[in-house]
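Fold and contact review
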Amino acid sequence: MDNKPLTVKELDPEDQPREKAEKYGCGVLSVPDLWALILRTGVPGVPITRLCREMMHQNDGRLHNLERRSRKELRSIKGIGDTKSIQIEAVMELMRRYAAEEPYRERPIVSSQQIFDRLKYNIGNLPHEEIWLLLVNRRNMVIKEICLSKGTSTASLFDVKATIRHALLEQAEGLILAHNHPSGGTQPSESDNKITRELLEACRFMRLRFLDHVIVTSAAYYSYHDSGNIL
């Protein structure tokens, strides 16, 4: 018995995503079919299309769930080895970078919605917390984005001195703080409130404008400014 993995070309004509894409365009393909085009070969006894269907099934059919899988978790799926796991990560990174090219990024920050739109693809769906700093000039144009820290699924470290130092080194006129909640909830914690109070006090002392602190998830956000907690 030949144990060589089936390629896409060797599949049944009804199970050949490349041929369907050639004839009808990629828009007609399912998500598993699109992955099959990228990953190309399955494993002995499991064609790539079936492997990709199983991969998406294990993630409830959602790319958001797949994005949150660690490399180790991806490689636990039968047929997803070292190369395929890196290919999946590369596609996810391309998606994030595509979203980051939106033209609104070249406009001044005038609302919390802009902050959310700017960061949701970077941090909104992460399985761990990250704290980000946006430094702005006098016209509220972002001059630099900095990831201040990476934490766990429930917390991350924050250093108010380091945050102010970044602002001074870049000669920023103001700053925006943002972090994500991997749980998907937007309600601020007491730790979030403490960070906001400390940074607000430091900014006032250094005569920096503290525009907002935004809690980001994949679908929603909380703004301290909009809630009247940064004045």
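Refer to the structure printed above.
Residues numbered from 1 in each chain as written. Predicted model: local features only at pLDDT ≥ 70, side-chain atom pairs only at ≥ 80, totals over all residues. Heavy atoms only, no water.

**Some words on the overall build of the protein**
Helix and strand content of the protein: nine helices and five strands. Of the regular secondary structure in the protein, the N- to C-terminal order runs α-α-α-α-α-α-α-β-β-α-β-α-β-β. Relative to the 2.2 N^0.38 estimate, which gives 17 Å for 231 residues, the radius of gyration of the protein is 22 Å and therefore markedly larger than a compact globule would have. Oriented by its inertia axes, the alpha-carbon framework of the protein measures out at about 75 × 35 × 30 Å. Within the protein, counting contacts between residues at least 6 apart in sequence, those at least 24 apart form 58% of the total. (Helix = DSSP H or I, 4+ residues; strand = E, 2+ residues; numbered from the N terminus. Rg over C-alpha atoms; globule rule 2.2 N^0.38 Å. Contact = heavy atoms within 4.5 Å.)

**Points about the packing of aromatic side chains**
Applying the stated criterion across every chain yields a total of two aromatic pairs. Aromatic pair Phe-116 and Tyr-221: ring centres 5.0 Å apart, planes at 25°, arrangement stacked. Separated by 105 residues along the polypeptide, Phe-116 in helix H7 (residues 112-123) and Tyr-221 in strand E5 (residues 221-223) bring together distant segments of the chain. We classify Phe-116 as buried; its relative accessible area is 5%. Classification of Tyr-221 as partly exposed rests on a relative accessible area of 25%. Their ring planes at 90° and their centres at 5.2 Å tell us that Tyr-222 and Tyr-224 sit as a pair that is edge-to-face. Of the two residues, Tyr-222 and Tyr-224, both sit in the buried class. (Phe/Tyr/Trp six-rings, centres within 6.5 Å; stacked < 30°, edge-to-face > 60°. Buried < 20%, exposed > 50% of the residue type's maximum accessible area, 1.4 Å probe, protein only.)

**Some words on the nonpolar core**
Formed by 22 residues in total, the largest nonpolar core has its most connected members in Leu-175, Leu-199 and Phe-210. When residues of this core are assigned to their parent elements, the largest contribution, five residues, is made by helix H9 (residues 190-206). Setting aside its immediate chain neighbours within four residues, Phe-210 contacts Leu-175, Leu-177, Thr-196, Leu-199, Leu-200, Cys-203 and Ile-230. Grouped together as the second largest cluster of nonpolar side chains are 17 residues, Leu-39, Val-43, Cys-52 and Ile-88 included. (Core = buried A, V, L, I, M, F, W, Y, C linked by side-chain atoms within 4.5 Å.)

**Considerations on the pattern of salt bridges**
If charged atoms from side chains of opposite charge come close, those side chains can pair. Enumeration over the complete set of coordinates arrives at 12 salt bridges. Between Arg-75 and Asp-82 there is a salt bridge whose closest N-O contact spans 3.5 Å. Given a relative accessible area of 54%, Asp-82 falls into the exposed group. Each of the salt bridges in this network shares a partner with another, and the network as a whole consists of Glu-67, Glu-93, Arg-96 and Arg-97. (Salt bridge = Lys/Arg side-chain N within 4 Å of Asp/Glu carboxyl O.)

**Digging into the state of the cysteines**
If you walk through the whole model with that rule in mind, you get zero disulfides. Distance from the sulfur of Cys-147, which forms no disulfide, to the nearest cysteine sulfur (Cys-203) is 18 Å. Residue classification places Cys-147 among the partly exposed residues on the basis of a relative accessible area of 28%. For Cys-203, a relative accessible area of 1% translates into the label buried. (Disulfide = S-S within 2.5 Å.)

**Re H7**
Compared with the 16 Å implied by 1.5 Å per residue over 12 residues, the 15 Å span of H7 between its first and last C-alpha is a close match. Its buried side turned inward, H7 meets strand E1 (130-136), strand E2 (142-150), strand E3 (174-180), strand E4 (209-216) and E5. (Expected span 1.5 Å × (residues − 1).)

**Observations regarding the side chain of Ser-223**
Relative to the elements of secondary structure, Ser-223 occurs in strand E5. Here the side chain of Ser-223 touches Asp-226 through a polar contact of 2.9 Å, landing on its backbone nitrogen. Those residues within four positions of Ser-223 in sequence are excluded, and the remaining contacts are Ser-112, Asp-212 and His-213. (Polar contact = N/O pair within 3.5 Å; in protein donor to acceptor, adjacent residues only side chain to side chain.)

**A closer look at H9**
Between its first and last C-alpha atoms H9 spans 24 Å; for 17 residues at 1.5 Å apiece the expected length is 24 Å, and the two agree. All of the buried residues along H9 are Asp-192, Ile-195, Thr-196, Leu-199, Leu-200, Ala-202 and Cys-203. Those residues of H9 that are buried are in contact with helix H8 (160-169), E3 and E4. Arg-207, located one to two residues past H9, shows a positive phi value of around 60°.

In short, shape yes, function no, at least from these values alone.
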